[in-house]
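Listed below, chain by chain, are the residues.
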Amino acid sequence: MVSKYDRKSQKILHTAVNACLTPVCAVHGTSVTTVEGIGSVEKGLHPVQERIAKSHGSQCGFCTPGIVMSMYALLRSKDIPSMADVEVAFQGNLCRCTGYRPILEGYKTLTSDGMGIPNGHNGTNGATQVNGQGGCCGKMANGCCKQIDTTIEDTELFEPSEFKPYDPTQEPIFPSELQLNEEYDNASIAFIGKRLTWYRPITLPDLLELKATYPNAKLVVGNTEIGVEVKFKNLHYPVIIQPNKVPELITIQDEEKGIRFGAAVTLSEIDDYLTAKVKTEPVHKTRIFSAIVEMLRWFAGKQIRNAAAIGGNIITGSPISDMNPVLMAANVQLLLISKDGDTRVVPMDHTFFTGYRRNVLKPDEVLQSILIPYTNEDEYFWGFKQAKRRDDDIAITNAGMHVTFEPGTNKIQNISLAFGGMAPVTVLARKTADYLIGKHWDEGLPEEASKFLMDDLPLDPGAPGGMIQFRRSLTLSFFFKFYIIVTNELSKRLSKVNALPNSYTSTTKLYHRDIPKSAQLFQIVPEGQPDFDLVGKPIMHMSGLKQATGEAIYVDDMPKFENELYLSLVLSSKAHAKILNIDTSEAFKIEGVLDFLCGKDIPDENRFVGGIIRDEEVFALEKVTCVGQIIGAIVAENQAIAQRASKLVKIQYEDIQPILVTFEDAIKHDSYYEGWTREIKNGDVDTGFIDADHIIEGEMYLGGQEHFYLETQACIALPKNEDGEMELFCSTQNPTEIQLLTAHVLGIQQNKLVIRVKRMGGGFGGKETSAMRLAGPVAFAAQRLGRPVRCMLDRDEDMALTGTRHPFFNKYKVGFKKDGTITALQSRIFNNAGNSLDLSCAVLERSVFHSDNSYNIPNIDVFGRCCKTNIASNTAFRGFGGPQGMMFVENVFDTIANYLDMDSMKLREMHMYKEGDKTHYGQTLDYCTLTRCWDECKSSANYEKKKAEVEVFNSTNRFKKRGLCIIPTKFGIAFTVLFLNQAGALVLVYRDGSVLISHGGAEMGQGLHTKMIQVASKTLKISADKIHISETSTDKVPNTSPTAASAGSDLNGMAVLNACLIICERIEPYREKFPDAKWEEIVVKAYFDRVCLSAAGYYRTPEIGFNFATKSGIPFNYFSYGAACSVVEIDCLSGDHEVKSTDIVMDVGESLNPAIDIGQIEGGFMQGYGLYTLEELKFSPTGFLLTKGPGMYKLPGFGDIPLDFNVALLRGAPNKKAVYSSKAIGEPPLFLASSVFFAIKDAIRAARAENGITGQFHLDSPATAERIRIGCSDNITAKFPMPPAGSYRPWAVNA
């Protein structure tokens, strides 16, 4: 948080900013507060920190400090904010773990929406808000949660009354020196460094003098553009000028024609000022202001708007700028000034931008101010934007539209239509405007205008940005929306203009998101359960408080070691090429560069690593097979030097053809990993097809997904310089595999290498084998130089080299009867493995196992292959192939239901597994709770009522449609590779009675350590305060399995239980002899009697193992079941969508920790929501990942959670096959998000029906705005048919 004293208003202003984009130079004269400055575990947490921890809003914790500071800055600015304020404050924050709901509910207690309600929490923790009133949502299973017997069930995951009250008078005092002394404000400053000089002038003449002296200097206010260019585009600007102390550039003035904003006025300041004007001035006068305010709601995140200036947005000239089309349509006037005193006023029209990010400003000119005009009664103005995600996203296409009528008529006097995302610059549709001037605003106008808009806004099929049909369709859709808006406004004034039908208007209403509602239902512990027994209780994550204060230590938080060096990787820029030469001469010219490592430095027998087979080079030696492959590494004295030098290493290549990126490429060239096919057959498929009344063949593509763990891959190697010993501090889910492979690279035994994992800032499978790609080079550098070496990847590096969730492709043939009964299913599955096998075969296996999802299909044949391509090797990701296999069979069911015009819910019920059924691989389903989950989900979601409501909505809304779908899941729990189903633990009891536990699982936010402490507390019958888990380390528990496959709690929990039972057995005689003795006394007595107070626990999953050669055995220990019902609403003209509600019922056995399990369900669901609707990987045809970084790759945000989000844990479903009757929960819920995908498909089907289109249609995943809009298929999309594939070179392809 940056705080400053505003001398004009005499107020202290507090704003949240992005630390990664805020230069230290820019905060001179301000007060900076970080998360460490507002509270600590030792001295006490701030209420903001306490709430996020105790409301279970911190899992991996890496995002938590940023969220804390966004909320803290909001509270410092507004003592009692609303929930709407909170959601705006969090627009720039991301969380990959929690699903956002617990964060919002925790902070709701600090808002006006959460105060003054009985019990003090107005809807948090399950007692949800209904129609603005406190109370029960009434939607949970078995009726109202207030009427539930609380001896059985509960809805309270935390108790708000226990929170520390927020007292704004106790906040730190703003530094009096900054408030009383103007010295820092009035000083003209220059920071002079070796490579950069930063100037902060305080007068306009000084600014103009600097610009004349340094015409190529960049003017920076928020650093939101330059910061990105310097960091990720390797650009260098030797002179930076910060003009935000120049009065003329930060002044806001009311003038007769409009409002003049200085060019350095921030977007937040403009938002505040215009919002106030809109409230006080007549509506007709502020139509442009209203459009700007509305556009600013969706302009980046609040942190960016707090820092970025309006002038920077204009001058940057991005063709997808949110503001420029609005400003151009408004014909704002720009005041330019230079040193010689020349001033000129230029309109922001079609002449302003002269090319891509170029404009009419002369090198020595500065944009001083912008005049935004008022409107009159005969003017109408609107802005439009469509992005991948509503909050904090750049536009795909946007527009500003401005029409003026001759007074008192509907005859167009002037019209301005400006568009972004349709050319290298913001463009005006001038031909369209020329044609429309003089025309009447009537029903024929949209069709007439569309002909000219198509001519004004052409796009080549291979134009940058892709999505050609979508972008062109949006231009006409936007104009049609504008036509609806203006027509209805005119109808209020002019009797001869008729209002359009009410069914049209919903598509033009400003988006307003209601306060999210939620309920969580879980079984509470029995009355009388001892306080020390924490199993079943919703206790807080054991690291939650540390994570909320920023005190939790991740790899790169560790203090630097003496003589530590930094490593920076050199990555391939080619997808398939020979390496002809590596030139490091420029890199070694930089002082502080010590070494360059490459493939020649590692002996051949040590150069290769890999997950299943060793087919990956630590450093590519002779050729590269994907963009992002590691070629070498620079080792230098610090991070800045290493990263700068690595970018100066020049690689000479010779291209190799072909370059294989897509499934089509691989299939065409027969490029597969041979010997790694998988097939399961059951029944007689041929006979099933003969018996079928109908046969359908089809296909589906399911895109990959970036892990986007908030903490990127990180590693520190610490050589002991004795006996070849080394320690690695590594962010990995798989310390034993890292130990094994790193020891192989170093040529040492495993017993000389210790891998230590304190915690990870997220993993999701991406740190199972991919961590080796960094650990190997770092460890090798440390061994070679005999000094500690550190590396933490930047986000773009991490995304380039670590791979993603596997994209999958499915071809199917299904036979079925007239009543829907499936007689045969033949499924061919392909995954895109990338340039090495990694774990792709195991991922394929699970997809084949899960190709039935929850259905008994009598005759089935599933065959899978791994495609070998030239993209970064894809790897494990939460679900591990299961979500892909299940998605394909659900697509088959959806297709059949549509073909037969029957309710897909009933079709699914017809085929649903029941107790005692056998899967297609022969495993009998024991203790199958699938139908219970399904029935309770239907009931709690009020399925039939919602279905009727959807039908009513669709009949009364022309351009918005709703869809509904309920989906089951059945997820097998166990590693499909038998030997991994084992775990160890070490329990040490010390003389003071404290207990130290080590086990084989790694903590990555899923609460594994917390659950292990709960297990130990129950077993040892002691308070959890006496139990500690420090880290996961290979010198404590050897030969660990990866923390993956949802088996972390099952395997390690049983191992911890085993070790604790051994301890209990040894001390039981003392407990019997001294029944009144305290634990500490028992321990001392046992110690003096020479009783061993340490125990190694061990567990291996019994009676499992599947042989693909013989197609026999039991692959899974048990299954986790669940069901979800979702309702969505789509905008048929833009492709936008919103999840109106989701109800989930999940079988977690007897939950070890309901708060953690519900958090895993919600977090898994939201990650699945991203997979199936939002997150899209795009590659160039030459294999370059185009969606690198958060600017191009979009995760779900706070504003994407279902408006009504209800989770119930199935009651009375103990699982005898896991620790304390619990069930695994990490992966199973993810697939339930497919209910949103199929609800979207249902809504699209309704839109197509309204347009007179029936029958089958194809929808690949994810269901992005583009696919939704094109899927709605109307007279607009029909105007833009795509040319045949192969007739042009696309900008992007799906791998």
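Residues numbered from 1 in each chain as written. Predicted model: local features only at pLDDT ≥ 70, side-chain atom pairs only at ≥ 80, totals over all residues. Heavy atoms only, no water.

A. Structural detail: a nonpolar patch on the surface. A contiguous nonpolar surface patch, about 280 Å² in accessible area, is contributed by Val1084, Tyr1087 and Phe1088. Here Val1084 shows up in helix H34 (residues 1079-1088). On the basis of relative accessibility, which here comes to 31%, the residue Val1084 falls in the partly exposed class. (Patch = residues over 30% accessible without salt bridge, like charges linked within 9 Å, V, L, I, M, F, W, Y side chains within 5 Å. Areas by Shrake-Rupley, 256 points an atom, 1.4 Å probe, with all protein chains shown as cover. Salt bridge = Lys/Arg side-chain N within 4 Å of Asp/Glu carboxyl O. Helix = DSSP H or I, 4+ residues; strand = E, 2+ residues; numbered from the N terminus. Buried < 20%, exposed > 50% of the residue type's maximum accessible area, 1.4 Å probe, protein only.)

B. Representation of unusual backbone geometry. The amide bond that connects Gln657 to the next residue, Pro658, takes the cis arrangement and shows omega of 0 degrees. In this structure, Pro1262 follows Ser1261 across a cis peptide bond, with omega equal to 10 degrees. Note that Pro1262 resides in the loop between helix H36 (1234-1250) and helix H37 (1265-1272). The residue Phe764 is not glycine, and still its phi comes out positive at about 60 degrees. For Phe764, a relative accessible area of 12% corresponds to the buried category.

C. A look at a negative patch on the surface. Together, Glu36, Glu42, Glu551 and Asp557 make up a region of like negative charge exposed at the surface. Locating Glu36 in the fold gives a position in the loop between strand S3 (31-32) and helix H1 (47-54). Here Glu36 falls in the partly exposed class, since its relative accessible area comes to 48%. (Lys, Arg positive; Asp, Glu negative; His and termini not counted. Charge placed at Lys NZ, Arg CZ, Asp CG, Glu CD.)

D. Structural detail: the pattern of salt bridges. Under the definition given, this model contains 65 salt bridges. Asp378 serves as the salt-bridge partner of Arg493, at 3.1 Å between the closest nitrogen and oxygen. With Arg493 in helix H17 (residues 468-493) and Asp378 in the loop between strand S17 (366-373) and strand S18 (379-387), this pair connects stretches of sequence that are 115 residues apart. Relative accessible area serves as the criterion here: at 36%, Arg493 is assigned to the partly exposed category. The structure contains a network of salt bridges with shared partners spanning Glu87, Arg513, Glu1138 and Lys1140.

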